[in-house]
Amino acid sequence: MKINLNPNQNPASDADREAKIAAGGFGKYYTDNMLVAQWSEASGWSDAEIKAYGPLSIDPATSVLHYGQEIFEGLKAYSQPDGGVSLFRPEANAERFRKSAIRMALPELSIADFVSTVEALVSHEKAWVPKNFGESLYIRPFMFASEIGLGVRPSNQATYIVITTPASAYFNPGKAVTVWISTEYVRAAKGGTGEAKTGGNYAGSLLAQKQAAAEGCDQVVWLDAQERKWVEEMGGMNLYFVKGKGAGATIFTPKLTGTLLAGITRDSILTVAKDLGYKVEEGMISTDDWREGVISGDITEIFACGTAAVVTPVGGAKSAEGSWATGDGNPGPITMQIRETLLGIQHGTIADTHGWNKRVS
Ligand SMILES: *Cc1c(COP(=O)(O)O)cnc(C)c1O
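So, here is what we can say about the structure in this document. Quick caveat: nothing in here was measured; it's all calculated off a predicted structure.

1. As for the packing of aromatic side chains
For the structure on display, the rule yields eleven aromatic pairs. On the numbers, 6.1 Å between centres and 75° between planes, the contact of Trp45 with Tyr160 is edge-to-face. Pair noted here: Trp45 is in strand 3 (residues 44-45) and Tyr160 is in strand 9 (residues 157-167), with a separation of 115 residues, a long-range link. For Trp45, a relative accessible area of 21% corresponds to the partly exposed category. Seen from their ring centres, Tyr240 and Phe303 are 5.1 Å apart, and the 15° between their planes marks the pair as stacked. Highlighted residues: Tyr240 in strand 13 (residues 237-243) and Phe303 in strand 16 (residues 299-306), separated in sequence by 63 residues. Taken together, the ring pairs in this structure connect Trp45, Phe97, Phe114 and Tyr160 into an aromatic cluster.

If you want it as structure tokens, here you go:
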């Protein structure tokens, strides 16, 4: 895919940009430019363009506004000790984007085109990559059905856009989140779209998120749709349970059954934990196993993981049947070790032995 340059003629001043980076948060400010490409069934992908970030003008009958045919990705660019910038495992995001596209009947974007468009925008917006450890430039590639018309069918036009936003830690890393275990609502069922990164999965989750907040919890935990028993994910993050303590601990995560979103952070942690000498295990864990494990002391730490927050400790859990806590609300030692190791690899302060970092500048 050829990338044409038509950048913002009025970019933020150095002072304005620095202030926006320093403001932190997640998705508060966007960089000067975005990348846009169009697809049609007749002519395939057209050239991509890097142009000024700004509003889109779309017809009210555009398909995505009515039927939600949409996919997205989330990945990060991290500053390196020598002042350069690296993307973390962009090919893995490209592959997942391709699979999400297939599931949502959108056109496939090749892995090479996904990676080269992300690389081109990030190197153009390099000055927006925060320098501090734990901070990053969050990259949001997405694609939506842009055909105009109310007929229900796979769109014969699609728009692909990449936007970027400076990000500090999404959650407060020092504070464990509390979770509401939903037995009333489900995120995904077998044969559904749970494995695809599509907005509809999130739209359907918001009422449960509201319920979690009403119960005094930060996040919702999803159970399987059939038995409402097996733990799947937390909000938009995967879950890990630490069994035991110290060097003999086992790091356990729910296995990918087809209804979980296959997180790249989840996958990276399976490897990182093994490198650190822990046993790793993928399997099934029920809410009863969770409660009993915490009470007996077999489960010593719980954390959630995803690109936005990297690793977030999980403290209290609450369900219709009661509530229980893990630890004292502070992140456990293995949670912190895994978080620091992963962030160290991403920032180039710990050796990248698996070739995960891709330099863009
Ligand atoms: C994106 C996402 C994750 C985490 O995936 P990462 O690749 O680690 O960012 C987990 N669960 C859901 C539902 C998601 O959408």
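Having put the structure on the table, let's press on.
2. What to know about the packing of helix 3 (residues 90-103) against helix 4 (residues 111-124)
Packing of helix 3 against helix 4 leaves a shortest axis separation of 9 Å and a crossing angle of 125°. The angle between helix 3 and helix 4 places the two elements in the oblique class. In the crossing of helix 3 with helix 4, the sense of the turn from one axis to the other is right-handed. Contacts from Pro90, Glu91, Asn93, Ala94, Glu95, Phe97 and Arg98 of helix 3 reach helix 4 at Ile111, Phe114 and Val115.

3. A closer look at the pattern of salt bridges
Taken as a whole and assessed by the stated rule, the structure comprises 14 salt bridges. With its nearest N and O atoms 3.1 Å apart, the salt bridge here joins Arg98 to Glu95. Of this pair, Arg98 and Glu95 are both found in helix 3, three residues apart, which corresponds to roughly one turn of the helix. For Arg98, a relative accessible area of 22% corresponds to the partly exposed category.

About the thresholds
- Note that residues are indexed from 1 along each chain, following the sequence as it is written.
- Residue-level local features of this predicted model are given only where pLDDT is at least 70; pairs of side-chain atoms are given and counted only at 80 or more, and the full residue set underlies all totals for whole chains, interfaces and linings.
- Think of the side-chain values as coming from all heavy atoms in the structure, minus any hydrogens and water.
- Under the pairing criterion, centres of Phe, Tyr and Trp rings, with the six-membered ring standing for Trp, must be within 6.5 Å; the plane angle then separates stacked pairs below 30 degrees from edge-to-face pairs above 60, leaving the rest tilted.
- Segments assigned H or I by DSSP are reported as helices when at least four residues long, segments assigned E as strands when at least two residues long, and all are numbered from the N terminus.
- Per-residue accessibility, obtained with a 1.4 Å probe over protein chains only, is compared with the maximum for each type, and a residue is labelled buried under 20%, exposed over 50%, and partly exposed between these values.
- Helix axes use the C-alpha atoms of the stretch in contact, all axes being lines fitted to C-alpha atoms, and the angles between their N-to-C directions lie in the range 0 to 180 degrees.
- Under this scheme an angle from 65 to 115 degrees is roughly perpendicular, one under 35 degrees roughly parallel, and one over 145 degrees roughly antiparallel; angles in between are oblique.
- Helix crossings are classified by the rotation of the near helix relative to the far one: an anticlockwise turn of less than a right angle makes the crossing left-handed, while a clockwise turn makes it right-handed.
- We call two residues contacting when some pair of their heavy atoms lies within 4.5 Å.
- By salt bridge we mean one thing: a side-chain nitrogen of Lys or Arg within 4 Å of a carboxyl oxygen of Asp or Glu.

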